[in-house]
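Structural description and commentary
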Amino acid sequence: MSRPRGRLAEDMCAASPAFATVWAEHPVGAATEGVRSLVHPAVGELTFDYTMLPVSDLPGARLLLCTPTQGSPTEARVVGLLDAGERATVPTS
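What comes next is a walk through the structure.

Across its full length, the protein holds three helices and three strands. For the protein, the sequential pattern of α-helices and β-strands runs α-α-β-β-β-α. When the 93 residues of the protein are sorted by exposure, 15% land in the buried category. If you take every contact in the protein between residues at least 6 apart in sequence, the share linking residues at least 24 apart comes to 30%. Counting every atom, the protein has about 6,700 Å² of accessible surface; 60% of that belongs to carbon and sulfur.

See below:
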């Protein structure tokens, strides 16, 4: 497992005992990895490395983990979208 996904799993395990239990059991099959891009109307192209994991206890179900591709502007663009979303939901009085 790559280090960024390893950190993600560690953080999720620390935040959720239920996730930690499921993660420890590893109820997933073989992973498929790759790169996917999409065009967001406000920020342009976003490029993500992905890992798709089939969940063995749920036939047909997949867990898709996406992380911004290193060296791309995707992380900054996603942070900008999240910041804009937070500003949009803050009530003004």
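All right, on to the packing of aromatic side chains then. The description of an aromatic ring pair uses the distance of the two centres, along with the angle that the planes make with each other. Summed over the entire model, instances satisfying the criterion amount to zero aromatic pairs. The ring of Tyr50 has Arg36 lying over it, and the distance from NZ or CZ to the ring centre is 4.5 Å.

To continue, consider the sheet that holds strand 2 (residues 44–54). Within a sheet, each strand pairs with its neighbour through backbone hydrogen bonds, oriented either parallel or antiparallel. In spatial order, the strands read 1-2-3; together these three strands make up an open sheet with antiparallel pairing. For this open sheet the edge positions go to strand 1 (32–40) and strand 3 (62–68), each flanked by a neighbour on one side alone. Between one strand axis and the next, the sheet turns through 35° on average, direction left out of account.

Residues in a regular strand point their side chains to alternate faces of the sheet. Across nine bridges, the pairing between strand 1 and strand 2 is antiparallel. Paired with Leu38 across the two strands is Leu46, which belongs to strand 2. In this antiparallel pair of consecutive strands, strand 1 and strand 2, the connection spans three residues. Pairing between strand 2 and strand 3: seven bridges, direction antiparallel. Paired with Tyr50 across the two strands is Cys66, which belongs to strand 3.

Criteria and cut-off values
- Residues numbered from 1 in each chain as written.
- Predicted model: local features only at pLDDT ≥ 70, side-chain atom pairs only at ≥ 80, totals over all residues.
- Heavy atoms only, no water.
- Helix = DSSP H or I, 4+ residues; strand = E, 2+ residues; numbered from the N terminus.
- Buried < 20%, exposed > 50% of the residue type's maximum accessible area, 1.4 Å probe, protein only.
- Contact = heavy atoms within 4.5 Å.
- Areas by Shrake-Rupley, 256 points an atom, 1.4 Å probe, with all protein chains shown as cover.
- Phe/Tyr/Trp six-rings, centres within 6.5 Å; stacked < 30°, edge-to-face > 60°.
- Lys NZ or Arg CZ within 6 Å of the ring centre and 35° of its normal.
- Pairing = 2+ DSSP bridges.
- Axes fitted to C-alpha atoms, helices over the stretch in contact; angles between N-to-C directions.

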